[in-house]
Amino acid sequence: MTGRGENHVDRALLLTFDDRHVREWAAAAPLFTSYGARVTFFICEPDRLDRDDVRLLRRLADDGHTIGCHGLRHERAPEFIAAHGPGAYLDQEVMPALEELRRLGFPARSFAYPCSARDESTDRLLLALFERLRGGVSADRRADPSLAAELHVPAGAIATRRVLPGCSVDSGRGAVAYGDDLTGVEAALRRTADDGGVTTLYAHCIADAHASNHVAPARLEKLLALADGMSLPCVGFNELP
Ligand SMILES: [Zn+2]
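Here the structure is a predicted model, which means the values were calculated and not measured.

Student: What is the right way to read the overall build of the protein chain from this model?
Tutor: Tallying secondary structure elements over the protein chain gives nine helices and twelve strands in all. For 241 residues, the compact-globule formula gives about 18 Å, and the C-alpha radius of gyration of the protein chain, at 17 Å, lands near that figure. Its C-alpha atoms give the protein chain principal-axis dimensions of roughly 45 × 40 × 35 Å. A buried classification covers 54% of the 241 residues belonging to the protein chain. In the protein chain, the proportion of contacts linking residues at least 24 apart, taken out of those at least 6 apart, comes to 79%. Here the protein chain displays about 10,300 Å² of accessible surface, and carbon together with sulfur accounts for 49% of that area. Averaging the locations of the 28 positively and 35 negatively charged side chains of the protein chain gives two centres separated by 2 Å.

Student: So what exactly am I meant to see when it comes to the sheet that holds strand 9 (residues 176–177) here?
Tutor: An order of 9-8-12-11 is seen for the four strands of this open sheet, with the pairing classed as mixed. Only two strands of the sheet have a single partner each, and these edge strands are strand 9 and strand 11 (205–206). As paired strands, strand 11 and strand 12 (residues 213–215) are joined by two bridges and run parallel to one another. By the bridge assignment for strand 12, Ile206 is matched with Val215.

Student: Sorry, what's going on with the nonpolar core here?
Tutor: Judged by nonpolar contacts, the single largest core of 63 residues is most densely connected at Leu15, Phe17, Phe32, Phe41, Tyr89, Leu126 and Val185. If you tally residues by element for this core, the top one is helix 5 (residues 86–103), at seven residues. Beyond its immediate stretch of four places on either side in the chain, Phe32 contacts Leu15, Phe17, Trp25, Ala37, Val39, Phe41, His65, Ile206, Leu220 and Leu224.

Student: How should I be thinking about the side chain of Arg219 in this particular structure?
Tutor: Tracing the sequence through the fold places Arg219 in helix 9 (residues 217–229). Of note is the side chain of Arg219, whose polar atom sits 3.1 Å from the backbone oxygen of Gly179. Those residues in contact with Arg219 that lie beyond four places of it in its chain are Arg142, Val169, Asp170, Ser171, Gly179, Asp180 and Leu182.

Student: Just to check I follow, could you spell out the pairing of strand 1 (residues 11–19) for this structure?
Tutor: On a regular strand, each side chain points to the face opposite its neighbour's, so the side chains alternate between the two faces of the sheet. Within strand 1, eight of the nine residues are buried, which leaves it mostly tucked inside the rest of the structure. Bridge count for strand 1 against strand 2 (residues 40–43) is four bridges, and the pairing is parallel. Its bridge partner lying in strand 2, Thr16 is registered against Thr40.

Student: In this structure, what is going on with the pattern of salt bridges? I would like to understand it.
Tutor: Should the charged atoms of two oppositely charged side chains come close, the side chains can pair. This structure, assessed with the given rule, holds 19 salt bridges. Between Asp123 and Arg118 there is a salt bridge, with its nearest N and O atoms 2.5 Å apart.

Student: Even after reading the chapter, I still don't get the coordination of the zinc ion, so can you show me in this structure?
Tutor: Ideal geometry at a metal gives 109.5 degrees between four tetrahedral donors and either 90 or 180 degrees between six octahedral ones. Taken together, Asp19 (OD), His70 (NE2) and His74 (NE2) make up the full set of protein donors to the zinc ion, lying 2.0 to 2.2 Å away. Given the relative accessible area of 16%, Asp19 is considered buried. Residue classification places His70 among the buried residues on the basis of a relative accessible area of 1%.

Conventions adopted
- Residues numbered from 1 in each chain as written.
- Predicted model: local features only at pLDDT ≥ 70, side-chain atom pairs only at ≥ 80, totals over all residues.
- Heavy atoms only, no water.
- Helix = DSSP H or I, 4+ residues; strand = E, 2+ residues; numbered from the N terminus.
- Rg over C-alpha atoms; globule rule 2.2 N^0.38 Å.
- Buried < 20%, exposed > 50% of the residue type's maximum accessible area, 1.4 Å probe, protein only.
- Contact = heavy atoms within 4.5 Å.
- Areas by Shrake-Rupley, 256 points an atom, 1.4 Å probe, with all protein chains shown as cover.
- Lys, Arg positive; Asp, Glu negative; His and termini not counted.
- Charge placed at Lys NZ, Arg CZ, Asp CG, Glu CD.
- Pairing = 2+ DSSP bridges.
- Core = buried A, V, L, I, M, F, W, Y, C linked by side-chain atoms within 4.5 Å.
- Polar contact = N/O pair within 3.5 Å; in protein donor to acceptor, adjacent residues only side chain to side chain.
- Salt bridge = Lys/Arg side-chain N within 4 Å of Asp/Glu carboxyl O.
- Donors = N, O, S within 2.8 Å, 3.2 Å for Na, K, Ca; no water.

Next up, the structure:
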């Protein structure tokens, strides 16, 4: 891996995966490799990773993927802070997750908000601990071409924009299938490829069917092929300048 000062990313797709679906992620590793793609895995409940999960996550990190933090118990930041205060949020939800990840050999430099729940005060609090935070835009906007304006971060802002909005590309959850129309996501990728900058997307498990939110491998490959066809590199959060 290159050091921060050597990074010259001027355009990229930031593809991210949340929660703790390490086995399914590891099974998709050859797909990422075939497109030269590096992605970011945001881990919650790191204390509940078993020995195999840790081994597979180590392999993903060795492949150049970024490992980030997604909280200890997947608490929604604004609600937890409203109920218990910012100190308790850091002490109970963030620091134990960071420390456990570090203990396992994954020093996390970025954080994805559970359920994309955030506000300016949570940003201020967490930016003292992390280089970057990932939020989210409403998933029901992903069919809307104007999503590109909301999702795309211009090239000149990559180094300084520390809270990145993401959009879900999940295929479904349990028996519920989400829409297949990703027009807004595709428009954001096109703008990023043409103008430079970054676009951030997120999904969860990688599977054709799963009780949790999941993206089908075929959809994932379609997105990787689309970015590849636009000569848009797919990189992890740790590769950003
Ligand atoms: Zn999550």
